[in-house]
Amino acid sequence: MRILVVEDDAVLSDVMLRSLTDAGHRIDLAANVADADALWQVQIFDAVLLDLNLPPTTGSARASGNDSSGLVALRKARARGDRTPVLVLTARNRTEERIAGLDAGADDYLGKPFDLAEVEARLRALVRRAKDTEDYVSVAALNLDRKLHRFSIGRDPLELPAREFEVLVELMTPPGRVVSKRTLSDKLSSFDDALGDNALEAFVSRLRKKLVGSGAGIRTLRGIGYLVEPET
């Protein structure tokens, strides 16, 4: 998954970055409301981890009320029709503050301190509901186990380089969904490392060769995108 982590505590932010990256996710970080809003508008994310008690901009004081907190970025996103699943992470435990977050458009709520394994499990659940998919999906003999973060063909593991793995995960979320080149490029690119069409086509070409014998194939819909489907 590509995840936006919005957290101004540098230590906690670094811990989440390392934990989620080690789990195979791509992470973008924001430490204040302005940066979160800017990133959220230009990048497609699978999920957002959002702290509520944030400074509005770099170097400013922490927010003292809901209207100058992470709720600002959340409300703006929902107002422009962005339905990215949002998991609110916050030290605020009062009922009215939890209600404010949910009313602003958050999908789930987890108080600090929290267990990183629970954060990842909740993220999987949110994305699963948003994309109507499951932790374990198959096309013919090609299987994806999201919890174990691995592919297999039948019972044989399918080892893939990181970028090819990410392409195939996106195409299997859920399988049969047409995914545009723009979506794949956005998910796999960082701001200093853009993924061009030629590189994407090379990844897809190599994946096709590795799926031979699985009964699953990657079909190109010219001008539209790619999809994974059973071979006929």
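Residues numbered from 1 in each chain as written. Predicted model: local features only at pLDDT ≥ 70, side-chain atom pairs only at ≥ 80, totals over all residues. Heavy atoms only, no water.

Colleague: Mind showing me how you'd approach the layout of surface pockets here?
Modeller: Empty space within the largest pocket amounts to approximately 450 Å³. Lining of the largest pocket is provided by 27 residues; of these, M1, H25, R146, H149 and V169 occupy positions nearest its centre. Secondary structure elements with two or more residues in the lining of the largest pocket: α5 (116-131), α6 (162-171) and α7 (181-188). Ranked by residue count, the leading element in the lining of the largest pocket is α5, at 5 residues. For the lining of the largest pocket, the per-class residue count stands at 8 nonpolar, 5 polar and 14 charged. Of the voids in this model, the second largest pocket is the one considered here, and its volume is about 170 Å³. (1 Å grid on protein atoms, 1.4 Å probe; cavity = no way out; pocket = protein on both sides within 12 Å on 5 of 7 lines; lining within 4 Å. Points joined across faces, edges and corners; volume = space filled by probe spheres on them. Helix = DSSP H or I, 4+ residues; strand = E, 2+ residues; numbered from the N terminus. Nonpolar A, V, L, I, M, F, W, Y, C, P; charged D, E, K, R; others polar.)

Colleague: Can you help me understand the sheet that holds strand β7 (residues 142-145) in this one?
Modeller: The pairing of strands in a sheet comes from backbone hydrogen bonds and takes either a parallel or an antiparallel form. Ordered in space as β6-β7-β8-β9, the 4 strands form an open sheet in which the pairing is antiparallel. Two strands bound the open sheet, and with one partner strand each, they are β6 (136-139) and β9 (156-158). Neighbour-to-neighbour, the strand axes of this sheet turn through a mean angle of 30°, independent of strand direction. Where β6 and β7 come together, 4 bridges link them in antiparallel fashion. Paired with S138 across the two strands is N143, which belongs to β7. Against the sheet, α6 engages β7, β8 (150-153) and β9, with an angle of about 80° to β8. (Pairing = 2+ DSSP bridges. Axes fitted to C-alpha atoms, helices over the stretch in contact; angles between N-to-C directions. Contact = heavy atoms within 4.5 Å.)

Colleague: Looking at this structure, how should I read the pairing of β8?
Modeller: On a regular strand, one side chain projects to one face of the sheet and the next to the other, so that they alternate. Inspection of the sheet shows β7 paired to β8 by 4 bridges, in the antiparallel sense. Bridging across to β8, L142 finds its partner in I153. Hairpin geometry of β7 and β8 is characterised by an intervening segment of 4 residues between the two adjacent antiparallel strands and by a positive phi of about 60° at H149. Judged from the 3 bridges that link them, β8 and β9 form a sheet pairing that is antiparallel. Bridge pairing links F151 to L158 in β9.

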